[in-house]
Amino acid sequence: MMKKIVETYELAEGIVLDIKNLSMTFGGLRAVDNLSFQIKKNQIYGLIGPNGAGKTTVFNCITQFYKSATGEIIFENKNGEIINLNKVPVDKVINQGIVRTFQNVELIKDLTILENVLVGAHIDFKVTLFEEVFRVGRVRKEEQALRDKAMEVLKFLGIDAMKDFLAFGLPYGISKKVELARTLMSNPKLIILDEPAAGLNDTESIQLAHLIKEIKDRYQCSILLVEHDMRLVMDVCDQICAISFGKLLEIGTPKQIQQSKIVQEAYLGRTDE
Amino acid sequence: MEQSKLVLKTKVTTLLKSPYIQYGLFAVLLSILPMLQEIGILKSSEITILGSVMVYSIAALGLNLLLGYSGLASLGTAGFMGLAAYTTAYFVQDLGLPYIVAFIVSIIIPLAIGIIVGFISLRIEGMYLAIGTLIVAEILLKSFTQFSDITGGGIGKPMGYPNIAILGQLTKNQTFTLVAIVLVIFMILTYNIVRGRTGRALMAMRGSESAAQAMGINILKYRLITFGFATIFAAAAGVMWISFLPRIYPNDWGLTVSLNILAIIVIGGLKSIWGTLLGSFIVIGVPNLILKNIPIIGNIPGIPNIFTGLMIVLVIMYYPYGLIYIGHDVKKWYRYIKNYIQKLTNKKNNIDEVGK
């Protein structure tokens, strides 16, 4: 009899996500080139870089929207198992405990805010399709429980009063919050935020910074974010990874990154004096 | 005394707001129609037309799940309806099996074929899916003509009104009630599917595929689920068709029927159960019940198609989500007119007071 070979992966203590030699090419373009970094548990990790540096590509590789990346993405999932995310289908990534937002807010316009948040709880529903079609008592109970949970999340984000609004034509700040609420429904271990502050004004950005820290403490999760708003990044991140043209420039604390010569060159150009 | 009246009133209004109660009342309303025929208010031919409206509604509810909620276009509805109708007729007429057994088998066979077709074709989307389902429908249509031993070919296949175990042989009016009950059951099922997790998953899939996937929704699985549902609905409509109408012909299952069903949900309302029924009444009922009785207009050949085409154009121009959403506007107009009248009377009162 053949034995099923189970590959085992290792992860250092206190690390939740370990990216090893990640590369991704589109035709001749190397969008991500041999990138490695690690995210610790309960850490807010920033990924920065000039436009076109490949930040969103890294996100899409982690969440398996791009399947052809090489390298390893090792993650400690919800059940404490250590897995390689590259072997997980895109729609099963959330089951492992990773959930993301999108750069151009992807809300469902036909649904209300509350229902949008409930989409985030899709994997938490245990009823079968059959039970659902005939709407047995268990369905109502489960739906009500998750509705209550969604309301709690909305209250936490301060948008519970708007729960019955359609997610269409909402102010940008609210849309972003709804998307955040949707990620929180699945009790994730790692939240990936793609430019959470894009399109927000200064006050909203400051609020968001507080919110991100609060989320980390309340849900005991790690947060990986891509952001162009440097004030926000420097304010909330514990650790920052700067990349340019898919290559790693520097990893360090916000202070180290601010003082790094290479990062300054990548953003502002070199002076030949 | 006053208060208890008020409490009762609010209780009744909340009860009426429950869709299940609404559907139940609708069922009662529909079963009154045959009685109207018996006392001579409605003609027997009108009952036939209203029955067809209901049969079309069942299939259209299924297509609405597919197109309205999940954004998948199918032109194969009629093919699956026909398959189910012929299966029922074959099992009841030729094999002599009980109606209920035939009903169940007639749903399972199209469903099995539907799932196979779905598995192959649901990887493609938009226009191509519509073409794929059209091909399947055409294949089925061709088979209906070719296997004339079973289908009766061009002569048609009769079945007669169903003979149900406990109820015995049904009359036409009783069959009408049966169709009404099946319709209401399918309305309730649609409502259950749509309002829960599956409905949200379908709308998420339609709204943003990447968001849906990130939230753990397996696109192919949910497409297959809706396609399966649409097939079950179409099959049930087919069974009701052969139960209610005396004879079926291969030509009954052509592209026109699929397009009519598409027109029903476009005109009536995407993502709306009542809209589907309204659309069905407009596309199937209005031309046959009303237009044909109007002098001159009624004599124009092809008036139903002209009417449907005109309605599609008008609805897409003014109510792109369907005519059912006219309700909001009616309310708005009502409020506007009410306010206007109130303003006028206020003005008059003011003038009177000043005059004093």
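In this text, all values refer to a predicted model and were calculated from it rather than measured experimentally. (Residues numbered from 1 in each chain as written. Chains lettered and ligands numbered in written order. Predicted model: local features only at pLDDT ≥ 70, side-chain atom pairs only at ≥ 80, totals over all residues. Heavy atoms only, no water.)

1. A few points about the overall build of chain B
Applicable threshold: Per the convention used, a helix needs a DSSP run of H or I reaching at least four residues, while a strand needs a run of E reaching at least two, with both numbered from the N terminus. Each residue gets one of three labels from its accessible area relative to the maximum for its type: buried under 20%, exposed over 50%, partly exposed in between, using a 1.4 Å probe on protein chains only. Residue burial considers only the protein chains on display, and all accessible areas are found by Shrake-Rupley using a 1.4 Å probe. For the purpose of charge, His is not counted, nor are the chain termini; Lys and Arg are scored as positive and Asp and Glu as negative. By convention, charge coordinates are those of NZ in Lys, CZ in Arg, CG in Asp, or CD in Glu.
If you tally the helices and strands in chain B, you get 15 helices and four strands. If one aligns the C-alpha atoms of chain B with their principal axes, the spans along those axes are about 90 × 60 × 50 Å. When burial is assessed residue by residue, chain B has 50% of its 356 residues classed as buried. Approximately 17700 Å² of chain B is accessible, and the part contributed by carbon and sulfur atoms is 69%. Within chain B, the 12 negative side-chain charges are centred at a point lying 9 Å from the centre of the 26 positive side-chain charges.

2. Quick notes on the sheet that holds strand 6 (residues 98–100) of chain A
All names here are of chain A. Note the cut-off: Two strands make a pair as long as DSSP finds a minimum of two bridges between them. The angle between two axes is taken between their N-to-C directions and runs from 0 to 180 degrees, where each axis is a line fitted to C-alpha atoms and a helix contributes only its stretch in contact.
The strand order 6-7-8-3-9-10 describes an open sheet built from six strands, whose pairing is mixed. Each edge of the sheet is formed by a strand with only one pairing partner; in this case those strands are strand 6 and strand 10 (247–252). For this sheet, the mean inter-axis angle between neighbouring strands, taken without regard to orientation, is 20°. As defined by bridge partners, strand 9 (residues 239–244) adjoins strand 10 across five bridges and the pair is classed as antiparallel. Note on strand 10: the bridge partner recorded for Ile240 is Gly252.

3. Re the layout of surface pockets
Rule in force here: Grid spacing is 1 Å over the protein atoms alone, the probe is 1.4 Å, and a cavity is where that probe fits but cannot get out, while a pocket is an open set with protein on both sides within 12 Å along at least five of seven lines and lining residues have an atom within 4 Å of a point. Grid points are joined across faces, edges and corners, and a volume is the space filled by probe spheres set on the points. When residue character is reported, Ala, Val, Leu, Ile, Met, Phe, Trp, Tyr, Cys and Pro are called nonpolar, Asp, Glu, Lys and Arg charged, and the others, Gly included, polar.
Computed from the structure, the largest pocket encloses a volume of approximately 1200 Å³. If you trace the largest pocket, you find 31 residues lining it, with Asp110 of chain A together with Tyr69, Lys271, Ser272 and Tyr325 of chain B closest to the centre. Of all elements in the fold, only helix 3 (113–119) of chain A together with helix 2 (19–38), helix 8 (172–195), helix 9 (197–207), helix 13 (273–289) and helix 15 (326–355) of chain B reach the threshold of two or more residues within the lining of the largest pocket. Residues that form the lining of the largest pocket fall into these classes: 16 nonpolar, five polar and ten charged.

4. Considering the sheet that holds strand 2 (residues 29–40) of chain A
Residues and elements named next belong to chain A. Strands sit in the order 2-1-4-5 across an open sheet of four strands; the sheet is antiparallel. For this open sheet the edge positions go to strand 2 and strand 5 (82–84), each flanked by a neighbour on one side alone. Strand-to-strand, the axes of this sheet are offset by a mean angle of 15°, without reference to chain direction. Across three bridges, strand 4 (residues 70–76) lies against strand 5 in antiparallel orientation. Counted as the bridge partner of Glu76 is Ile82 from strand 5.

5. Structural notes on unusual backbone geometry
All names here are of chain A. Not every positive phi belongs to a glycine, and Asn21 is a case in point at roughly 50°. Along the chain, the position of Asn21 falls in strand 1 (residues 15–26). You can call Asn21 partly exposed: its relative accessible area is 45%. Non-glycine residue Gln64 carries a positive phi angle of around 70°. Counting through the fold element by element, Gln64 comes out in the loop between helix 1 (55–62) and strand 4. Look at Gln64 and you get buried, because its relative accessible area is 1%.

6. Observations regarding the domain arrangement of chain A
Often, the extent of an interface is quoted as the loss of accessible area upon association of its parts. Residue and element names in this part refer to chain A. The condition is simple: Start and end points for every domain follow an automatic or database-based domain assignment. A contact between two residues is defined here by any heavy atoms of the two lying within 4.5 Å. Summed over both partners, the accessible area (1.4 Å probe) lost when two parts come together is defined as the buried area.
Split into domains, chain A comes out as domain 1 (15–104 + 188–268) and domain 2 (108–169). A straight line from the C-alpha centre of domain 1 to that of domain 2 covers 28 Å. Every contact between the two is made by eight residues of domain 1 and, on the other side, five residues of domain 2. Around 580 Å² of area is buried between domain 1 and domain 2 when both sides are counted, 71% of it from carbon and sulfur atoms.

7. Here we look at the confidence of the model for chain B
The condition that has to hold: Every residue gets a pLDDT, meaning the predictor's confidence in that residue, from 0 to 100.
Averaged over chain B, the pLDDT score is 90; the fraction of residues at 70 or greater is 98%. Across the predicted assembly, pTM comes out at 0.89 and ipTM at 0.89.

8. Some words on the packing of helix 2 of chain B against helix 8 of chain B
Residue and element names in this part refer to chain B. The line we're drawing: Roughly parallel means an angle under 35 degrees; roughly antiparallel means over 145; roughly perpendicular covers 65 to 115; every other angle is labelled oblique. By the definition used in this description, the sense in which the near helix is turned from the far one sets the handedness, with an anticlockwise turn below a right angle giving left-handed and a clockwise turn giving right-handed.
At their nearest, the axes of helix 2 and helix 8 sit 9 Å apart, and the two run at 165° to each other. Overall, the two elements helix 2 and helix 8 adopt an arrangement that is roughly antiparallel. In the packing of helix 2 onto helix 8, the handedness of the crossing is right-handed. Two secondary-structure elements touch here, helix 2 through Pro19, Tyr20, Tyr23, Phe26, Ala27, Leu30, Ser31, Leu33, Pro34, Gln37 and Glu38 and helix 8 through Asn173, Phe176, Thr177, Ala180, Leu183, Val184, Met187, Ile188, Tyr191 and Asn192. Classifying every residue of the contact of helix 2 with helix 8 by side-chain character gives 15 nonpolar, five polar and one charged.

9. Side note on the packing of aromatic side chains
Residue and element names in this part refer to chain B. The condition is simple: The aromatic pairing rule takes the rings of Phe, Tyr and Trp, using the six-membered ring of Trp, and pairs them if the centres are within 6.5 Å, calling planes under 30 degrees apart stacked, those over 60 edge-to-face and the rest tilted.
Summed over the entire model, instances satisfying the criterion amount to 16 aromatic pairs over all chains. With 5.5 Å between their ring centres and 50° between their planes, Tyr23 and Trp274 make a pair best called tilted. Residue Tyr23 is located in helix 2, and its partner Trp274 is located in helix 13; the two are separated by 251 residues in the primary sequence. Assessed through its relative accessible area of 3%, Tyr23 is described here as buried. With centroids separated by 5.7 Å and ring planes inclined at 50°, the aromatic side chains of Tyr56 and Trp241 adopt a geometry described as tilted. Of this pair, Tyr56 sits in helix 3 (residues 44–69) while Trp241 sits in helix 11 (residues 219–244), and the two are 185 residues apart along the sequence.

10. Things to note about the nonpolar core
As a reminder of what qualifies: Joining through side-chain atoms within 4.5 Å is the link that ties buried Ala, Val, Leu, Ile, Met, Phe, Trp, Tyr and Cys residues into a set, and such a set is a nonpolar core.
Residues Ile215 of chain A together with Met81 and Met240 of chain B are the most contacted members of the largest nonpolar core, which totals 164 residues. Per-element tally for this core: the top contributor is helix 11 of chain B, with 17 residues. Looking at which domains feed residues into this core, each of domain 1 (15–104 + 188–268) and domain 2 (108–169) of chain A gives three or more. Non-local contacts of Met81 of chain B, meaning those with residues more than four positions away in its chain, are made with Val55, Ala59, Ala234, Ala237, Gly238, Trp241, Trp253, Val257 and Ile261 of chain B.

11. A look at helix 12 (residues 255–268) of chain B
Residues and elements named next belong to chain B. We apply this condition: Helices are assigned an expected span. That span is 1.5 Å times one less than the residue count.
The end-to-end C-alpha distance of helix 12, which contains 14 residues, comes to 20 Å, matching closely the 20 Å that a straight helix rising 1.5 Å per residue would cover. When helix 12 is considered as a whole, its buried residues turn out to be Val257, Ser258, Asn260, Ile261, Ala263, Ile264, Ile265, Ile267 and Gly268. Those residues of helix 12 that are buried are in contact with helix 3, helix 4 (77–94), helix 13 and helix 14 (303–318). Where helix 12 terminates, the next one or two residues include Gly269, which has phi positive at roughly 155°.

12. Comments concerning the side chain of Asn116 of chain A
All names here are of chain A. Positionally, Asn116 belongs in helix 3. Note on Asn116: relative accessible area 0%, which makes it buried. Leaving out residues up to four positions away in the same chain, Asn116 has contacts with Leu107, Ile108, Leu111, Ala167, Val178 and Arg182.

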